[in-house]
Amino acid sequence: MANESEATGRNIGTVALRWDGQSLALLDQRLLPAEERWMTAKGAARVAQCIRDMVVRGAPAIGISAAYGVALAARHAGADWRGEIRHALRALAESRPTAVNLFWALQRMERVFEACASREEAVARLAAEAESIHREDLQANLTMADQALAVMAPEAPLEVLTHCNTGALATGGYGTALGVVRRLHEAGKLARVYADETRPWLQGSRLTAWELARDGLPVVLNADGAAASILARGQVSWVVVGADRITANGDVANKIGTYSLAVLARHHGVRFMVVAPSSTVDMSLARGSDIPIEEREGSEVREIRGMALAPADVPVYNPVFDVTPAHLIDVIVTEKGVVRQPGEAGMRALFG
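Keep in mind it's a predicted model, so treat the numbers as computed, not measured.

The subject of this paragraph is the overall build of the chain. Each helix and strand counted, the chain has 12 helices and 16 strands in total. The C-alpha atoms of the chain give 20 Å as radius of gyration, which agrees with the globular expectation for 352 residues (20 Å, within 12%). Relative to its 352 residues, the chain shows a buried fraction of 57%. Within the chain, residue pairs in contact and separated by at least 24 positions form 74% of the contacts whose partners lie at least 6 positions apart. The chain carries 37 positive and 41 negative side-chain charges, and their two centres are separated by 1 Å.

Here is the structure:
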């Protein structure tokens, strides 16, 4: 990753994944910004647990981690190596339901696995494939950032607003939506980026604000409920977000709160951009209502790190994602190209 940064002349940000060929180290994002602690996974079951428990999060990073999990399954498999790798593929697929990058990466790993004639071949080829997925994600981030900058075509420094965390922590490096923010900053075209705090896991305050402040970008943290008043000032030019799944008609599933941002942006005449790798596109689903939306336990809303915020027995509705309809989106940016005013025709023209 350091060589990639030197070659591009760009700061790719804090690396959240470290692979040494024997194990996968993951920066525990649940503890940021108070503590930087790395967790080491030496098998697929541990990787799946880290994905499920949100040690690692962000659709691209989840897919990369799962790929390394399959490689670890091969490395530690015994006589029934095929059965053990297939079991690992199933366990990893069950770790999170919404981010299609997870299934894309696992399908890619499975195709390589099925072509292997021996365990030794599987060990070598699966590790190489996982490393390729990781490298390709970083390159996709860099490509998307350049394409987004061309769409924005800023003549003067811009103010933008983002939601959740879509930076180096959520990807193989650099970021999707935050990659665009980084690229604006590198080009001298970023006046300010507002970061929604992003309840209930506070990825905006714990991760985005930490990541951008650490790298010297002009970030301002705001409560989710302040987004409307910020947009009403008329100074923000773009809302820029990531995605966990994009369907054939251009509907987008992303972190809960994205849909309301899109409504606010349309009301205030602010343009709305989704930035995600093509592995996030799921052309097998016709529309956003077909996307399985993960719901998590109520304690995530009722408390923060064990401190009660609400009555212990109050019922909680806690979806992790919502769906933003395509008609509220101005542009979807992927490494394969840009879809303006997304709809089924534009999506199929680019993704088939």
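Past the structure itself, the notes keep going.
According to the stated counting rule, one finds 18 salt bridges in the structure shown. One salt bridge in this structure joins arginine 37 and glutamate 35, with 2.9 Å as the shortest N-O distance. With relative accessibility at 42%, the residue arginine 37 sits in the partly exposed group. In this structure, the salt-bridge partner of arginine 86 is glutamate 114, at a minimum N-O distance of 3.4 Å.

The next point concerns the packing of helix α3 (residues 59–75) against helix α6 (residues 119–152). Two numbers describe how α3 lies on α6: the axes approach to 8 Å, and their chain directions differ by 165°. Between α3 and α6, the interaxial angle falls into the category roughly antiparallel. When you trace α3 past α6, the crossing you get is left-handed. Contacts from Pro60, Ile64, Ala67, Tyr68, Val70, Ala71, Ala74 and Arg75 of α3 reach α6 at Arg119, Ala122, Val123, Leu126, Ala127, Ala130, Glu131, Ile133, His134 and Asp137. Considering only residue class, the contact of α3 with α6 consists of 13 nonpolar, one polar and four charged.

Turning our eyes to something else, we now look at the sheet that holds strand β2 (residues 24–27). Ordered by their spatial adjacency, three strands build an open sheet running β1-β2-β3, and the pairing between neighbours is antiparallel. Looking at which strands have only one partner, the edges of the open sheet turn out to be β1 (17–19) and β3 (38–41). For this sheet, the mean angle separating the axes of adjacent strands, direction not counted, is 20°. Strand direction decides the pairing type here: β2 and β3, joined by four bridges, are antiparallel.

Another point: the packing of aromatic side chains. Throughout the structure, instances matching the rule amount to two aromatic pairs. Taken together, a centroid distance of 4.5 Å and an interplanar angle of 20° make the contact between tryptophan 19 and tyrosine 68 stacked. Placement of the pair is tryptophan 19 in strand β1 and tyrosine 68 in helix α3, with a sequence separation of 49 residues. Just as tryptophan 19 is buried, tyrosine 68 falls in that class too. Arranged with centres 6.1 Å apart and planes meeting at 90°, the rings of tryptophan 81 and phenylalanine 113 form a pair that is edge-to-face. Taken together, the residues span a long stretch of sequence, with tryptophan 81 in helix α4 (residues 81–93) and phenylalanine 113 in helix α5 (residues 100–114) at a distance of 32 residues. For phenylalanine 113, a relative accessible area of 0% puts it in the buried group.

Let's shift gears to the environment of alanine 16. Its place among the elements puts alanine 16 in the loop between α1 (2–8) and β1. Residue classification places alanine 16 among the buried residues on the basis of a relative accessible area of 3%. Between the C-alpha atom of alanine 16 and that of tryptophan 81, which follows or precedes it by 65 residues, the distance is 29 Å.

With that settled, the discussion passes to the nonpolar core. General note: in soluble globular proteins, nonpolar side chains tend to be found buried as a group. By size, the foremost hydrophobic cluster in this structure holds 43 residues, and its most contacted members are Val70, Ile85, Leu92 and Leu126. Among the secondary structure elements, those contributing two or more residues to this core are β1, β2, β3, α2 (44–52), α3, α4, α5 and α6. The greatest single-element share of this core, amounting to 11 residues, is contributed by α3. Ignoring any residue separated from it by four or fewer positions in sequence, one finds isoleucine 85 in contact with Val70, Ala73, Ala74, Phe113, Ala122 and Leu126. Of all hydrophobic cores here, the second largest spans 27 residues; its members include Tyr194, Ala227, Ile230 and Val241.

Here we take up the state of the cysteines. Each disulfide is one covalent bond, formed between the sulfur atoms of two cysteines. For the structure shown, the criterion picks out zero disulfides. Distance from the sulfur of cysteine 50, which forms no disulfide, to the nearest cysteine sulfur (cysteine 164) is 18 Å. Looking at cysteine 50, the relative accessible area reads 2%, which means it is buried. Residue classification places cysteine 164 among the buried positions, given a relative accessible area of 9%.

Within strand β5 (residues 190–196), five of the seven residues are buried, which leaves it mostly tucked inside the rest of the structure. As judged from the five bridges shared by strand β4 (residues 158–162) and β5, these two strands associate in the parallel manner. Its bridge partner lying in β5, leucine 158 is registered against leucine 190. Crossover β5 to strand β6 (residues 219–222) through helix α8 (residues 203–214) is right-handed.

Counting buried positions along β4 yields five of five residues, so the element is predominantly enclosed. With burial as the criterion, each face of β4 is covered, one bearing Leu158, Val160 and Thr162 and the other bearing Glu159 and Leu161. Note that the unit made of β4, helix α7 (residues 177–186) and β5 has a crossover that is right-handed. Bridge count between β4 and strand β7 (residues 236–241): four bridges; the pairing is parallel. Directly across from leucine 161, in β7, lies its bridge partner valine 239.

Analysis parameters
- Residues numbered from 1 in each chain as written.
- Predicted model: local features only at pLDDT ≥ 70, side-chain atom pairs only at ≥ 80, totals over all residues.
- Heavy atoms only, no water.
- Helix = DSSP H or I, 4+ residues; strand = E, 2+ residues; numbered from the N terminus.
- Rg over C-alpha atoms; globule rule 2.2 N^0.38 Å.
- Buried < 20%, exposed > 50% of the residue type's maximum accessible area, 1.4 Å probe, protein only.
- Contact = heavy atoms within 4.5 Å.
- Lys, Arg positive; Asp, Glu negative; His and termini not counted.
- Charge placed at Lys NZ, Arg CZ, Asp CG, Glu CD.
- Salt bridge = Lys/Arg side-chain N within 4 Å of Asp/Glu carboxyl O.
- Axes fitted to C-alpha atoms, helices over the stretch in contact; angles between N-to-C directions.
- Parallel < 35°, antiparallel > 145°, perpendicular 65-115°, else oblique.
- Left-handed = near helix turned anticlockwise from the far one by under 90°.
- Nonpolar A, V, L, I, M, F, W, Y, C, P; charged D, E, K, R; others polar.
- Pairing = 2+ DSSP bridges.
- Phe/Tyr/Trp six-rings, centres within 6.5 Å; stacked < 30°, edge-to-face > 60°.
- Core = buried A, V, L, I, M, F, W, Y, C linked by side-chain atoms within 4.5 Å.
- Disulfide = S-S within 2.5 Å.
- Right-handed = clockwise from strand over helix to strand, strands pointing away.

Honestly, it's all geometry; don't read function into it.
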